[in-house]
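Fold and contact review
Below, each chain spelled out in residue letters.
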Amino acid sequence: MSQDLSLAGEAGRIVRLAEQDRQPVRFLLDGIERQVLAGDTVLTAMLAFSRILRQSEFGPEGRAGFCLMGACQDCWVWQQDGTRLRACSTLVANGMSLMTQASGDWP
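An account of the accompanying structure is given in this report. Because the structure is a prediction, the values reported are computed rather than measured.

Topic: the environment of Val36
As for its placement among the helices and strands, Val36 is situated in strand 2 (residues 32-37). The class of Val36 is buried, set by a relative accessible area of 4%. Counting along the chain gives 12 residues from Val36 to Pro24, while the straight-line C-alpha distance between them is 5.7 Å.

What follows is the structure, encoded as structure tokens:
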């Protein structure tokens, strides 16, 4: 059974405490428009609104990144078009459409 990973309405894992003066960037997370700041990674942007990045391919556990430098493979997330990217080493961009769950045809 699939669980709701975006946890809409709950606080994200990351809370911004400083650097409020950067330009806003708008993106979609599971179809919901969100706003973060220019220079944020996809990982930061997603975890600002969710407790996890994605569900593990091997079980029901949620994943939230591990090494934070693009080496461990734990932060791969999907874009709405089905392509994947590393959330920890990709900057969020205006108009990105990110998903916490893979499409139905992902292995």
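Focus on the packing of aromatic side chains
Two aromatic rings, taken as a pair, are described by how far apart their centres are and by the angle between their planes. A full pass over the atoms with the stated rule returns 1 aromatic pair. A cation over an aromatic ring shows up here: Arg84 above the ring of Trp76, its NZ or CZ 4.5 Å from the ring centre.

So, the nonpolar core
With 20 residues, the main nonpolar core has Phe27, Val42, Leu53, Val92 and Leu98 as its most contacted residues. Top element by residues in this core is helix 1 (residues 42-47). It accounts for 5 residues. Other than its neighbours up to four places away in sequence, Leu53 contacts Leu43, Met46, Leu47, Arg63, Ala64, Gly65, Cys75, Val77, Ala87, Met99 and Thr100.

Observations concerning unusual backbone geometry
With a phi close to 55°, Asp30 is a non-glycine residue in the positive phi region. Its place among the elements puts Asp30 in the loop between strand 1 (24-29) and strand 2. Here the phi dihedral of Gln73 falls at roughly 75°; this positive angle occurs in a residue that is not glycine. Mapped onto the elements, Gln73 comes out in the loop between strand 4 (62-63) and strand 5 (76-79).

Parameters and conventions
- Residues numbered from 1 in each chain as written.
- Predicted model: local features only at pLDDT ≥ 70, side-chain atom pairs only at ≥ 80, totals over all residues.
- Heavy atoms only, no water.
- Helix = DSSP H or I, 4+ residues; strand = E, 2+ residues; numbered from the N terminus.
- Buried < 20%, exposed > 50% of the residue type's maximum accessible area, 1.4 Å probe, protein only.
- Phe/Tyr/Trp six-rings, centres within 6.5 Å; stacked < 30°, edge-to-face > 60°.
- Lys NZ or Arg CZ within 6 Å of the ring centre and 35° of its normal.
- Core = buried A, V, L, I, M, F, W, Y, C linked by side-chain atoms within 4.5 Å.
- Contact = heavy atoms within 4.5 Å.

By themselves these figures say nothing about function.
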